[in-house]
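Below, each chain spelled out in residue letters.
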Amino acid sequence: MEDISYRDRIIQFDRQTLQEESKQLFIKMGGLDKDGRKFDLLRGMGSQIHKYIENRIDPKAVCSFYTADHIVKEGMFLRIDGVELKCNAFEQIDSDQIKGAYVYFIYAGDYYLEDEPIMNQLLADMWGTAFVDATRADFGRVLGQEANLSDEFGPGFFGMDVGQMNELAKLVDPSLIGVEIRETGVLLPLKSCGGLYLAVEDGYIPLDSACMDCKGTLKSCSYCNLKRRNRKMFKCTGICSKCGRCKDAGMMKGANDRKTKLLFLPDDFLPETDEQGYGIAFDIGTTTVVGMLWDIYSGTQVGAQAETNPQNEFGLDVISRITFAGENEGNLHLLHGKIINCLNQITDKLCKKFDVDKKAIIRATVCGNTTMSHLFAGYDPKSLARAPFSPAYTGTIFRKAGELGLQIQEDSTVMLFPNIAGHVGGDITAGILATRLEDRDGKTLFIDIGTNGEIVYCEGGKMLTCSTAAGPAFEGASIYQGMRAAVGAIEKIRIENEDVLFKVIGQVPPVGICGSGLIDAVSEMKKAGIINKTGRIASSEEYGRKHPGSLICERLRNGQAGREFVLVSMVNDDDIIITQNDVREVQLAKAAMAAGIQLMMQKMGSKPEELEQIIVAGAFGSYIDKDSAIGIGLLPNIDRKRILSAGNTAGAGALMAAASSKEALRVQRIPGKLEHIELANEPDFQTVYLNAMSFH
């Protein structure tokens, strides 16, 4: 497989090579493999028509290849270079297995015989279909020499709408091989086809053949369509390979790697190519640290590497680490050393993997939330934990790599992105840069959902920002069986036909639920009437009175701390549940975000429903379900197409500054363009916040 993307590669096929396979397909298609005078006659007519159209046979393909950094998969949606494709079967693909995508069109020739008898037209059409299928098979073999391939996807099968041919044409140009597309998605000449293969890791499991003819209905989507055979609630054994109930329940492995595959650079980004050497950019998250290596001379990204932040042994959240840093004089130095060692490990792995001399790295950029930035630079973060939450430093920090202990060219300059306010950090500054937020027209919202939900609202060139104390619910903390998005976490939930369907990261028995799964669960419980608008979980008896005989009743029970809803009933009785307190934690978190959005827009004389675009940043934002987020009131209810998952905008912004001095200068100016709103000081905050707690 090629390491870089390419566009519109033409592949010509030898028609003589395809002749025998096409002949066999023609015979099979027409049922001409039988004995008898009639079939002899038809085979003879077929041979005559083949000779007549032989000069029209011209098998060729045009193909574009996109590497994984151009691809985002979100449920049944696959975005390649910003072009969105929808296919039910995409749900079954493990995102971590995707290494690239081949998008193609195939042309076999023009076989239409306008003035010939109908039988001759039919036989010519059959030959056309046979050559298209033979060419497609040979094309798959050609690509198979470059990479491991997934099943073949394309408009017309696996539940993919034919109209998406026009979307494919945005990724590869069919006109280069003489194919045009009507508005409806029909190809001309008719003996053409289009589709895509995914380049996948070893161990890819082919999809169930029953999904090939999926018609896009719920009964044939990638969730399990097996029907309950009795009235006993299903017990999960954890043996996915033998069960199949949740349709290969696991989706992703390696939670850290998610952020390395969610880097998108703006279209107008122009890197500098005036120096020999490399740049390295670091996005220091509370949970995950990502490093990205950049070839300055060629102006291209070399690779990315993610590691778990080693500071987590002193606390999973920023407040715990701030507290630890203040317990004695040596702790701040210890936390600083941990993150420096982590950055050096990432650098070492990248350089070994791509055969780069560490001394050839002549630029470095770093961004993170305010606490992570303080700990990286060696500043005491204690002021961030108490009002007025003032940072210990302001502006952009420049240090020499040798001074910090980073193992790159020791005289190289390390740039730490500027914070905006006490809890609006350099990661948000980087996100504003990467999304070109200040240049966008209309009413645009940029949000990064985490323990502190950072929000930036842009309208008419003016930008307001605030941070909300959303709490750790969406990161799995404070939830009874909550966990980060790692192996064993339920990441997706649906309630259909009185059954709870779920997906687990890593294809293992579920052990907890992460943020995206939690949002799904509460949204689905609300839709099913399991919780009311106040967030109260119904008792089994109450639910039974409204829904007589419902199997949902079996999942509602009283636990030690109140009512519970069983998501997954395990054979070992270690069930995965949502408690009443979990619902309350979600209410608190989503209300904080919703109140922040409403109050900031209110200051500009606007309303959330008037938003023209919402940009959701971060790995978490890329995996949450838009309908679920709107369903619980976390996001304003606007057209889903106007809600964009922007991926790791912090990493993208850091990379841009490492690749371009103009971008580095631009990011330094961003904090001065924002007005910070302290929500706690807003007179309407309490009222707006309390109203936002309801599920409407």
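Residues numbered from 1 in each chain as written. Predicted model: local features only at pLDDT ≥ 70, side-chain atom pairs only at ≥ 80, totals over all residues. Heavy atoms only, no water.

Trainee: A description of the overall build of the chain should follow, citing residues and the corresponding values.
Mentor: When helices and strands are counted, the chain shows 18 helices and 28 strands. Its C-alpha atoms give the chain a radius of gyration of 28 Å, near enough to 26 Å, the size a compact globule of 696 residues would have. By principal-axis analysis of the C-alpha atoms, the chain measures approximately 95 × 75 × 50 Å. For the chain, the residues scored as buried account for 57% of the 696 residues in total. Relative to all contacts within the chain whose residues are 6 or more apart in sequence, the contacts with residues 24 or more apart total 71%. A total of about 29400 Å² of accessible surface is found on the chain, and carbon and sulfur atoms cover 49% of it. Taking the average place of the 77 positive charges on the side chains of the chain and the average place of its 92 negative ones, the gap between the two points comes to 5 Å. (Helix = DSSP H or I, 4+ residues; strand = E, 2+ residues; numbered from the N terminus. Rg over C-alpha atoms; globule rule 2.2 N^0.38 Å. Buried < 20%, exposed > 50% of the residue type's maximum accessible area, 1.4 Å probe, protein only. Contact = heavy atoms within 4.5 Å. Areas by Shrake-Rupley, 256 points an atom, 1.4 Å probe, with all protein chains shown as cover. Lys, Arg positive; Asp, Glu negative; His and termini not counted. Charge placed at Lys NZ, Arg CZ, Asp CG, Glu CD.)

Trainee: Lay out the environment of tyrosine 66 with the relevant residues and their values.
Mentor: Tracing the backbone shows tyrosine 66 in strand β2 (residues 57-67). On a C-alpha basis, the gap between tyrosine 66 and glycine 506 in space is 25 Å, while along the polypeptide they are 440 residues apart. When near neighbours in sequence (up to four residues on either side) are disregarded, tyrosine 66 contacts Ser5, Arg7, Ile71, Ile80, Asp81, Gly100, Ala101, Val103 and Leu171. Only 3.0 Å separates the side chain of tyrosine 66 from the side chain of arginine 7, close enough to count as a polar contact. A distance of 2.5 Å separates the side chain of tyrosine 66 from the backbone oxygen of leucine 171, its partner in a polar contact. (Polar contact = N/O pair within 3.5 Å; in protein donor to acceptor, adjacent residues only side chain to side chain.)

Trainee: How would you explain the packing of aromatic side chains if you had to name every residue and give the values?
Mentor: Enumeration according to the criterion identifies 11 aromatic pairs in this entry. When the ring of phenylalanine 26 is compared with that of tryptophan 127, the centres are 4.0 Å apart and the planes differ by 10°; the resulting orientation is stacked. Within this pair, whereas phenylalanine 26 is found in helix α1 (residues 15-29), its partner tryptophan 127 is found in helix α3 (residues 118-144), the two being separated by 101 residues in sequence. The burial state of phenylalanine 26 is the same as that of tryptophan 127; both residues are buried. Aromatic side chains tyrosine 104 and phenylalanine 139 sit 4.8 Å apart centroid to centroid with 55° between the ring planes, which places their arrangement in the tilted category. Residue tyrosine 104 is located in strand β6 (residues 98-109), and its partner phenylalanine 139 is located in helix α3; the two are separated by 35 residues in the primary sequence. (Phe/Tyr/Trp six-rings, centres within 6.5 Å; stacked < 30°, edge-to-face > 60°.)

Trainee: Break down the environment of lysine 603 for me, with residues and values.
Mentor: Relative to the assigned elements, lysine 603 resides in helix α13 (residues 580-603). Between the C-alpha atoms of lysine 603 and isoleucine 677, which are 74 residues apart in sequence, the distance is 9.7 Å. Side-chain polar atoms of lysine 603 contact the side chain of glutamate 682, separated by 3.5 Å.

Trainee: An account of the sheet that holds strand β4 (residues 77-80) is needed here, citing residue identities and associated values.
Mentor: Strand-to-strand pairing in sheets goes through backbone hydrogen bonds, with the strands running parallel or antiparallel. With antiparallel pairing, the three strands of this open sheet are ordered in space as β3-β4-β5. With one partner strand each, in any of the chains shown, β3 (71-74) and β5 (83-86) form the two edges of the open sheet. Ignoring strand direction, the axes of neighbouring strands in this sheet form an average angle of 20°. Bridge count for β4 against β5 is four bridges, and the pairing is antiparallel. Considered in β5, the bridge of arginine 79 is made with glutamate 84. (Pairing = 2+ DSSP bridges. Axes fitted to C-alpha atoms, helices over the stretch in contact; angles between N-to-C directions.)

Trainee: Mind laying out the confidence of the model for the chain, listing which residues take part and the relevant values?
Mentor: This prediction gives the chain a mean pLDDT of 86; 90% of its residues lie at or above 70. Of the regions scoring below 50 in pLDDT, residues 215-232 engages in 38 contacts with residues more than four places distant in sequence or in other chains. Note that residues 244-256 has pLDDT below 50 and, in this model, 60 contacts with residues that lie over four places away or in other chains. (pLDDT = per-residue confidence, 0-100.)

Trainee: Mind laying out the packing of α13 against helix α18 (residues 685-692), listing which residues take part and the relevant values?
Mentor: At a minimum axis distance of 8 Å, the contact between α13 and α18 shows a crossing angle of 130°. When the axis of α13 is compared with that of α18, the two are oblique. Where α13 crosses over α18, the handedness of that crossing is right-handed. Of the residues in α18, those touching α13 at Leu588, Lys590, Ala591, Ala592, Ala594, Ala595, Gln598 and Leu599 are Phe685, Val688, Tyr689 and Ala692. (Parallel < 35°, antiparallel > 145°, perpendicular 65-115°, else oblique. Left-handed = near helix turned anticlockwise from the far one by under 90°.)

Trainee: Outline the sheet that holds strand β19 (residues 462-468), supporting the account with residue identities and numerical values.
Mentor: Judged by pairing direction, the sheet is mixed, and its six strands sit side by side in the order β27-β26-β17-β18-β19-β28 without closing on themselves. Where the open sheet ends on each side, the last strands, each with one partner, are β27 (643-647) and β28 (674-676). Averaged over all pairs of adjacent strands, the angle between their axes in this sheet comes to 20°, without regard to strand direction. For strand β26 (residues 613-617) and β27, the ladder comprises four bridges, and the chain directions are parallel. By the bridge assignment, isoleucine 615 is partnered in β27 with leucine 644. In this fold helix α10 (residues 426-435) packs onto β17 (444-448), β18 (453-459), β19, β26, β27 and β28, with an angle of close to 140° to the strand it touches most, β17.

Trainee: Describe the pairing of strand β23 (residues 556-559), and please don't skip the residues or the numbers.
Mentor: Bridging between β23 and strand β24 (residues 562-568) involves four bridges; their strand directions are antiparallel. When the sheet's bridge partners are listed, asparagine 558 is paired in β24 with arginine 563.

Trainee: Account for helix α7 (residues 329-353), with residues named and values stated.
Mentor: In this model α7 runs 38 Å from its N-terminal to its C-terminal C-alpha over 25 residues, within 8% of the 36 Å that 1.5 Å per residue would give. Taking the backbone nitrogen of glycine 330 as reference, a side-chain oxygen 3.0 Å away marks asparagine 328 as the first, capping residue of α7. After α7 finishes, the residue aspartate 355 shows a positive phi value of roughly 55°. (Expected span 1.5 Å × (residues − 1).)

Trainee: Can you explain the pattern of salt bridges? Please cite residues and give values.
Mentor: Tallied over the full model, the rule gives 35 salt bridges. A salt bridge links aspartate 348 to lysine 358, with the nearest nitrogen and oxygen atoms 3.4 Å apart. Remark: lysine 358 occurs in the loop between α7 and β14 (361-368) and aspartate 348 occurs in helix α7; sequence separation between them is 10 residues. Beyond isolated ion pairs, a larger network of salt bridges with shared partners links Glu438, Asp439, Arg666 and Lys673. (Salt bridge = Lys/Arg side-chain N within 4 Å of Asp/Glu carboxyl O.)

Trainee: Lay out the side chain of threonine 135 in plain terms, naming residues and giving numbers.
Mentor: Along the chain, the position of threonine 135 falls in helix α3. Classification of threonine 135 as buried rests on a relative accessible area of 0%. When neighbours within four sequence positions are excluded, threonine 135 is seen to be in contact with Phe13, Leu18, Pro59 and Ile106.

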